[in-house]
Structure formats: structure tokens, C-alpha cells
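Now for the letters of each chain:
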Amino acid sequence: MESLGGLLFPLLILLLFIPIFLSGRKQRRQAQEQQQLQSAIEVGDVVTTTSGLRGTIVDASYEDTVDLEIADGVVTTWLRAAIRERVLDASAADTTTTDVGAADTTPVGSDGAAADGPVGTGVRDVETTATVDTPHDANGTSRS
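The shown structure was predicted, so the numbers you read here are calculated from the model rather than taken from an experiment.

Definitions and cut-offs
- Residues numbered from 1 in each chain as written.
- Predicted model: local features only at pLDDT ≥ 70, side-chain atom pairs only at ≥ 80, totals over all residues.
- Heavy atoms only, no water.
- Helix = DSSP H or I, 4+ residues; strand = E, 2+ residues; numbered from the N terminus.
- Buried < 20%, exposed > 50% of the residue type's maximum accessible area, 1.4 Å probe, protein only.
- Contact = heavy atoms within 4.5 Å.
- Areas by Shrake-Rupley, 256 points an atom, 1.4 Å probe, with all protein chains shown as cover.
- Pairing = 2+ DSSP bridges.
- Core = buried A, V, L, I, M, F, W, Y, C linked by side-chain atoms within 4.5 Å.
- Axes fitted to C-alpha atoms, helices over the stretch in contact; angles between N-to-C directions.
- Salt bridge = Lys/Arg side-chain N within 4 Å of Asp/Glu carboxyl O.
- pLDDT = per-residue confidence, 0-100.
- Patch = residues over 30% accessible without salt bridge, like charges linked within 9 Å, V, L, I, M, F, W, Y side chains within 5 Å.
- Polar contact = N/O pair within 3.5 Å; in protein donor to acceptor, adjacent residues only side chain to side chain.

Participant: I'd like to hear about the overall build of the protein chain, residue by residue, with values.
Facilitator: Scanning the protein chain from terminus to terminus reveals 2 helices and 5 strands. Listed N to C, the secondary structure of the protein chain is α-β-β-β-β-β-α in terms of helices and strands. Residues counted as buried form 14% of the 144 residues belonging to the protein chain. Of the contacts formed within the protein chain by residues at least 6 apart in sequence, a portion of 30% connects residues at least 24 apart. In the structure as shown, the protein chain presents an accessible area of about 11800 Å², 57% of it carried by carbon and sulfur atoms.

Written out as C-alpha cells, the structure reads:
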């Protein structure tokens, strides 16, 4: 019985430290990947900062900072550590969008309403001319 108790305690300690050890390895790997990204950024890369700001790298010649152009003519200086990820090219983003076919579009009138009647029928509702509604109370009765 004493040998079982002597074996149980070290086994319990081992079971508690295995997840901690694995979690630490994962965090070190992620930190290393982040450092590689921050050292590999170049002029012209579109990046996102840790605060969610998206900009284009204008100057990456400094060791600790980068200059981001966030709008036309607006350049800000950021720490390299604030760069979270590199954004894909705009051409790659365009290929992922799907085109809507001409059959899926519905003509829209000048008032924003669909020009056709019920969807897909192609029948124009001729009775939908602009009418003046009489004011109603909250309970639906007419005020006039």
C-alpha cells in the first residue's frame, strides 16, 4: 500500500506538468513565427497591426520600427512588434470572390423598389404608383 502511494504522487505531478510543457512549446513556436514575420517584411507589403490597422510598408530600414502608409500621403511609424500579420495580395482576394450571374439580378427602380412584381415572375406590377398614405395612430386608426 505504501508503494502505491509513493508512486501515485510523482505520477500526478507528471500528469499536471505535461500540458504546461506542451503549451509552452506551442507559445514558443508562435513567438518564433511572429519574429520571423516581423524580420521578413519588406517595402510594399500590406500588413495588419495588433490594433487592427491595415497599411502598406513604406520604409522598413530601421531595426525596431517600420513606416506604414495608412491612407494616401498619411505615413505613421510603428514598432515592428506591432505587426501581427501580412495581408494577401489584392489579386488573390479577387479570385476568391464569386461573380453573380445576370440571371440573379433584379432591376431596381429609382425609388429603390424592384421593378418586377413577385421575384422571378418577370411581371411588372402596374398598380404600384406613388400613393399618399393618410396618417394613422399607433392603433391603426386614421386621423382624418
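Participant: Describe the pairing of strand S1 (residues 46-49), listing the residues and the values that go with them.
Facilitator: The sheet contact formed by S1 and strand S2 (residues 54-59) spans 3 bridges and is antiparallel. Across the sheet, Val46 pairs through a bridge with Thr56, a residue of S2. As judged from the 3 bridges shared by S1 and strand S5 (residues 83-86), these two strands associate in the antiparallel manner. Note that in S5 the partner of Val47 across the bridge is Arg86.

Participant: Let's hear about the nonpolar core: which residues, and what values?
Facilitator: Among the nonpolar cores identified, the biggest contains 8 residues, and these are Leu37, Ile41, Val47, Ile57, Ala60, Val66, Leu68 and Ile83. Residue contacts for Leu37: discarding those within four places in its chain leaves Arg84, Glu85 and Arg86.

Participant: Could you give an account of the sheet that holds strand S4 (residues 74-79), naming the residues involved and the relevant values?
Facilitator: Spatial ordering of the open sheet is given by S4-S3-S2-S1-S5, a layout of 5 strands whose pairing is antiparallel. Looking along the sheet, the strands with just one partner apiece sit at the ends: S4 and S5. Direction aside, neighbouring strands of the sheet carry axes that sit 45° apart on average. Pairing between strand S3 (residues 65-71) and S4: 6 bridges, direction antiparallel.

Participant: Give a description of the pattern of salt bridges that names residues and reports values.
Facilitator: Taken as a whole and judged by the stated rule, the model has 2 salt bridges. Residue Glu33 is joined to Arg29 by a salt bridge in which the shortest nitrogen-to-oxygen separation is 3.8 Å. One end of the pair, Glu33, and the other, Arg29, are both in helix H1 (residues 2-40), 4 residues apart, so they sit about a helical turn from each other. Given the relative accessible area of 44%, Glu33 is considered partly exposed.

Participant: Describe the confidence of the model for the protein chain, and please don't skip the residues or the numbers.
Facilitator: Low pLDDT means the predicted coordinates in that region are not meant to be read closely. Averaged over every residue, the pLDDT of the protein chain is 74; the share at 70 or more is 58%. In this model residues 92-106 is a low-confidence stretch, pLDDT under 50, and it forms 1 contact with partners more than four residues away in sequence or in other chains.

Participant: Could you give an account of the environment of Glu42, with specific residues and numbers?
Facilitator: Mapping Glu42 onto the fold places it in the loop between H1 and S1. Residue Glu42 is classed as exposed on the basis of its relative accessible area, which comes to 53%. In the structure, Glu42 is positioned 17 residues away from Asp59 in sequence and 8.0 Å away in space, judged by C-alpha atoms.

Participant: Go over a nonpolar patch on the surface with me, naming the residues and quoting the values.
Facilitator: A surface patch of nonpolar side chains, about 620 Å² in accessible area, is lined by Phe9, Leu12, Ile13, Leu16, Phe17 and Ile20. Looking at Leu16, the relative accessible area reads 52%, which means it is exposed.

Participant: Outline the side chain of Thr49, supporting the account with residue identities and numerical values.
Facilitator: On the secondary structure map, Thr49 appears in strand S1. Look at Thr49 and you get buried, because its relative accessible area is 0%. A polar side-chain atom of Thr49 sits 3.1 Å from a polar atom in the side chain of Ser51. If we ignore the near neighbours within four places in the chain, the residues touching Thr49 are Leu68, Trp78, Ala82, Ile83 and Arg84.

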